[in-house]
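# Coordinate inspection notes
As a plain string of letters, each chain reads:
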Amino acid sequence: MHWSTFLVAEIEGKPVGTVAGYIPAMTSSELFAAACRAVLGVDAAQARLATSEAWSRDYFTVGLPGDTLRVEWVYTDPEARGRGV
């Protein structure tokens with residue numbers, strides 16, 4: 001996941017949780033390659049990421065419509081759990 005897809009929850013200015021997600025039908029190979037370039041600072045094709053089909057949606061196939069939000073990378077700090085984060 002690219003950092004731009006993450007939401008961060010805070011309590012009193014302290015990060016206590018995060019979640020990331022995407023809509024498969026709106027997430028193209030070009031967008032994925034651009035995210036790889038932003039993170040790696042190299043052409044995604046050179047890094048062999050764009051051609052490897054390294055999408056989490058390809059590893060865990062679930063029968064959902066393409067316009068359904070796919071949520072991943074969910075974390076809540078143990079001290080913040082049970083507090084509605």
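Before any of the text, the structure's been laid out above.
Residues numbered from 1 in each chain as written. Predicted model: local features only at pLDDT ≥ 70, side-chain atom pairs only at ≥ 80, totals over all residues. Heavy atoms only, no water.

## A short note on the overall build of the protein chain
So the rule is basically this: Each helix corresponds to a stretch of at least 4 residues labelled H or I by DSSP, and each strand to a stretch of at least 2 residues labelled E; elements are numbered beginning at the N terminus. Per-residue accessibility, obtained with a 1.4 Å probe over protein chains only, is compared with the maximum for each type, and a residue is labelled buried under 20%, exposed over 50%, and partly exposed between these values. Only heavy atoms enter the contact rule, under which two residues are in contact if any of them lie within 4.5 Å. Under the convention used here, a 1.4 Å probe and the Shrake-Rupley method define accessible areas, while residue burial counts only the protein chains that appear.
Looking only at helices and strands, one finds 2 helices and 3 strands in the protein chain. Along the protein chain, helices and strands appear, N-terminal first, in the series β-β-α-α-β. Within the protein chain, buried positions represent 22% of all 85 residues. Considering only residue pairs separated by 6 or more positions, the protein chain has 58% of its internal contacts joining residues 24 or more positions apart. Carbon and sulfur atoms make up 58% of the accessible area of the protein chain, which totals about 6,200 Å².

## What about a nonpolar patch on the surface?
Short version of the rule: The patches reported here contain residues having more than 30% relative accessible area and no salt bridge. Joining distances are 9 Å for like charges and 5 Å for nonpolar side chains (Val, Leu, Ile, Met, Phe, Trp, Tyr). For salt bridges, the criterion is a side-chain nitrogen of Lys or Arg within 4 Å of an Asp or Glu carboxyl oxygen.
A cluster of nonpolar side chains, namely Trp3, Val39 and Leu40, defines an oily patch on the protein surface of about 370 Å² accessible area. On the secondary structure map, tryptophan 3 appears in the segment before β1 (6-11).

## Thoughts on the sheet that holds strand β2 (residues 14-22)
Filter applied, for reference: Here, strands pair whenever DSSP counts at least two bridges between them. Lines fitted to C-alpha atoms define the axes here, with helix axes fitted over just the stretch in contact, and angles between the N-to-C directions of these axes take values from 0 to 180 degrees.
Read from one edge to the other, the open sheet built from 3 strands follows the order β1-β2-β3, with strand pairing classed as antiparallel. Only two strands of the sheet have a single partner each, and these edge strands are β1 and β3 (70-76). Across this sheet, the average inter-strand angle for adjacent strands is 20 degrees, counted without regard to direction. Bridge analysis of β2 against β3 gives 5 bridges, and the strand direction is antiparallel. Considered in β3, the bridge of alanine 20 is made with glutamate 72.

## A look at the pairing of β1
Buried residues are scarce in β1, accounting for 0 of its 6 residues. Note: β1 against β2, 6 bridges, orientation antiparallel. By the bridge assignment for β2, phenylalanine 6 is matched with alanine 20.

## So, unusual backbone geometry
Negative phi values dominate among residues other than glycine, just as trans dominates among peptide bonds. One non-glycine residue, glutamate 12, adopts positive backbone phi at about 50 degrees. Relative to the helices and strands, glutamate 12 is located in the loop between β1 and β2. Take glutamate 12: its relative accessible area is 83%, and that puts it in the exposed class. Here the phi dihedral of tryptophan 73 falls at roughly 55 degrees; this positive angle occurs in a residue that is not glycine. Considering the arrangement of structural elements, one finds tryptophan 73 in strand β3.

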